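Descriptive analysis of the structure
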Amino acid sequence: MKLFWEYILPRVVQWFVVIFVGVTVTFLIPRLSPNNPVDSAIGRLTGFQTINPEATLAMRESLLDMYGLEGTLFEQYARFWGRILKGDLGPSFTSFPTPVTSMIGTGLGWTIGLLGTSILISWVLGLVLGSLAGYFRHARWAKLLEGAVITVYPVPYYILAFILLILFTFYFPLFPLVGGARGTPAFTWEYISSVLYFGFLPALSIVIGGTAFRFIMSKALASTEVTSDYVQYADLAAIPKRKILFFYVIRNTMLPQITDLALTLGAIFEGALITEIVFGYPGIGYVLFNAINTADYNVIMGITLLSIVGIATASLLVDLMYPLFDPRVRLK
């Protein structure tokens, strides 16, 4: 029980506070905007036709009621929480009457598949290659690898993505320009292979950028570990280099980056905006981009809430699981 009261419960309470503050801010910010989403929606509907003013007024009242914008700010806030607790994010402004949950659900699978896979690959590659380069820092291959990474890392991500897009869809047309897959969704090799084919280029761009960032971090951490007393002592004791590398250097280099991995995975739910726009990938980032362009506040708020819950939950899980990775973290 001591573990629950002194370690688990404070972190769960902190998780609830983060969610509460995040949801409140998400509720307030669109209402501080000078643009009224209902007036914008009516403007789009009446832009190319003449509608009776009374019908327009009735439509406005219906939209205010439908989107929970009637009443005082406190009444709207109470209804907002009530709808969230029921999993109801309301209908989309621009794709009415499609529910926001349905639009998010359609893009979420693509984004989780693309980002989940590429983030894990880049994390492992960056950690292992950076640790190896830090441990064998005088080797020629380590210096060449570091030079290549330092050359790639400063390149802005969108430039890197455009270079890959132009190179492999125009000059060497090996991959498709846009899309997520070919054919009807089914659990068949033909469809799965098309998903891998369409997702390869966007995933490659994320892996290159992510690996470069984590390589630099891992090399810096590994270089410090190599000069520590216990690694020097292990070397003098003739412990095999492979054991020193994996059980002393890489393990200790990995610890600070576990938090980074969890938070990055938690941020999956906000989508990869630039990646999905550049490659025309049908993920949640593409949905968010269209929602911002059309002032679809319900969709923007839905994706923002999902992102807040994802990052807060990832942070909570890291806090709860960290003692499993680092035996020095123990409740006294």
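In this text, all values refer to a predicted model and were calculated from it rather than measured experimentally.

**Points about the packing of aromatic side chains**
Overall, the coordinates contain 14 aromatic pairs when judged by the stated rule. Geometrically, the ring pair formed by Y153 and F213 is stacked, given 6.3 Å between the ring centres and 20° between the ring planes. Of the two residues, Y153 is situated in the loop between α6 (140-152) and α7 (157-171) and F213 in helix α8 (residues 189-226); the sequence distance between them amounts to 60 residues. Accessibility expressed as a relative area gives 31% for F213, which makes it partly exposed. With a centroid separation of 5.7 Å and 90° between ring planes, the pair formed by Y197 and F198 is classed as edge-to-face. Put simply, the rings of F168, F175, Y197, F198 and F200 pair up and form one aromatic cluster.

**A word on the UniProt feature "transmembrane region" (unreviewed entry) in the protein chain**
Here the UniProt feature "transmembrane region" (unreviewed entry) sits at residues 12-29, 108-136, 157-175, 195-216, 261-279 and 299-322. The distance separating the terminal C-alpha atoms of residues 108-136 is 41 Å; by composition the span is 97% helix and 0% strand. With 79% helix and 0% strand, residues 157-175 has end C-alpha atoms that lie 19 Å from one another.

**So, the layout of surface pockets**
There is about 550 Å³ of room inside the largest pocket. Lining of the largest pocket is provided by 22 residues; of these, Y157, I206, G209, G210 and T264 occupy positions nearest its centre. Breaking the lining of the largest pocket down by element, the ones donating at least two residues are α5 (100-135), α7 and α8. In terms of residue count, the dominant contributor to the lining of the largest pocket is α8 (seven residues). Counted by class, the lining of the largest pocket contains 13 nonpolar, seven polar and two charged residues.

**Quick notes on the packing of helix α9 (residues 229-236) against helix α10 (residues 241-266)**
For any two helices packed against each other, the geometry comes down to the angle between their axes and how far apart the axes lie. The interhelical angle for the contact between α9 and α10, taken along N-to-C directions, is 175°, at an axis separation of 10 Å. Looking at the two axes, α9 sits roughly antiparallel to α10. Counting all contacts with α9, which are made through Y230, V231, A234 and D235, the residues of α10 involved are K241, I244, Y248, V249 and N252.

**Thoughts on unusual backbone geometry**
Within the chain, A238 stands out as a residue other than glycine whose phi angle is a positive 65°. Here A238 lies in the loop between α9 and α10. Here A238 falls in the exposed class, since its relative accessible area comes to 62%.

**Considerations on empty space enclosed by the protein**
Under the counting rule described, the total for this entry stands at two cavities of 30 Å³ or more. Considered as a void within the structure, the largest cavity measures approximately 90 Å³ in volume. Along the walls of the largest cavity sit eleven residues, with F80, R83, L89, N298 and M301 positioned nearest its centre. Mapped onto the lining of the largest cavity, the elements with two or more residues apiece are α4 (73-85) and α13 (297-325). No other element matches α13, which puts four residues into the lining of the largest cavity. Considering only residue class, the lining of the largest cavity consists of six nonpolar, two polar and three charged. Roughly 40 Å³ of volume is contained in the second largest cavity. Taken together, P176, L177, V178, G179, F198, L201, P202 and F279 form the lining of the second largest cavity. For the lining of the second largest cavity, a count of residues per class yields seven nonpolar, one polar and no charged.

Procedures and definitions
Residues numbered from 1 in each chain as written. Predicted model: local features only at pLDDT ≥ 70, side-chain atom pairs only at ≥ 80, totals over all residues. Heavy atoms only, no water. Phe/Tyr/Trp six-rings, centres within 6.5 Å; stacked < 30°, edge-to-face > 60°. Helix = DSSP H or I, 4+ residues; strand = E, 2+ residues; numbered from the N terminus. Buried < 20%, exposed > 50% of the residue type's maximum accessible area, 1.4 Å probe, protein only. UniProt positions renumbered as here; feature names shortened; annotations may be inferred. 1 Å grid on protein atoms, 1.4 Å probe; cavity = no way out; pocket = protein on both sides within 12 Å on 5 of 7 lines; lining within 4 Å. Points joined across faces, edges and corners; volume = space filled by probe spheres on them. Nonpolar A, V, L, I, M, F, W, Y, C, P; charged D, E, K, R; others polar. Axes fitted to C-alpha atoms, helices over the stretch in contact; angles between N-to-C directions. Parallel < 35°, antiparallel > 145°, perpendicular 65-115°, else oblique. Contact = heavy atoms within 4.5 Å.

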